[in-house]
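The residues making up each chain are set out below.
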Amino acid sequence: MKYFLIVAFALSFIIPVNAQEQTKSSTTTYYLIRHAEKDRSDKTNKDPNLKEEGNKRAENWSKVFENVDFDAVYSTEYNRTTQTAQPTAKMQELEIQSYDPRNLYSEEFAKATFGKTVLVVGHSNTTPAFVNAILGEKKYENMDDHDNGSLYIVTISEGNKIDQVLKIN
């Protein structure tokens, strides 16, 4: 009987902690940004690099995210998006994973990122479209072509979805 009471007492502390861990691990948070300023000097170049201002912004994003513990960093396979993601991925000691901008928030992507904190770097049309796909509604329009400082955050917990947009200079 004494052993049973000790076990019951110990379990009363373990179960609430375990429940908190399950809630935490079932929360998924997405941070979505557009690539930084690209080189526009060659209109025929479909895959330009970042210009100097864009490289500075990419470094700034890594400072903005320095207190966010990412589990994964995703980018399209374009120079400007991978170059934007690189400083944050390096700081977090993560490899950049690619996603197909024509197949946003697939069932496979949702499963792979469930319970994680993820950075997704995209484009002026794909970033809001990605957010809309996560939310399951068309809430956001394409970004202005010179908007390189919007940060979309979507958190999913227990089926509830919360979204916000921040402007980062």
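Residues numbered from 1 in each chain as written. Predicted model: local features only at pLDDT ≥ 70, side-chain atom pairs only at ≥ 80, totals over all residues. Heavy atoms only, no water.

Caption draft 1: Local environment of unusual backbone geometry. For Tyr105, which is not glycine, the phi dihedral falls at a positive 45°. Inspection of the secondary structure puts Tyr105 in the loop between strand E3 (96-98) and helix H4 (107-113). For Glu158, which is not glycine, the phi dihedral falls at a positive 50°. Its place among the elements puts Glu158 in the loop between strand E5 (150-157) and strand E6 (160-167). Classification of Glu158 by relative accessible area gives exposed; the value is 61%. (Helix = DSSP H or I, 4+ residues; strand = E, 2+ residues; numbered from the N terminus. Buried < 20%, exposed > 50% of the residue type's maximum accessible area, 1.4 Å probe, protein only.)

Caption draft 2: View of the sheet that holds strand E1 (residues 28-34). Strand order in the open sheet formed by 6 strands is E3-E2-E4-E1-E5-E6, with mixed pairing between adjacent strands. Edge strands, defined here as strands with exactly one partner in the open sheet, are E3 and E6. Going across the sheet, the axis of each strand differs from the next one's by a mean of 25°, ignoring polarity. For E1 and strand E4 (residues 117-122), the ladder comprises 6 bridges, and the chain directions are parallel. Among the inter-strand pairings, Leu32 is bridged to a residue of E4, identified as Val120. (Pairing = 2+ DSSP bridges. Axes fitted to C-alpha atoms, helices over the stretch in contact; angles between N-to-C directions.)

Any functional reading would require information beyond the geometric quantities listed.
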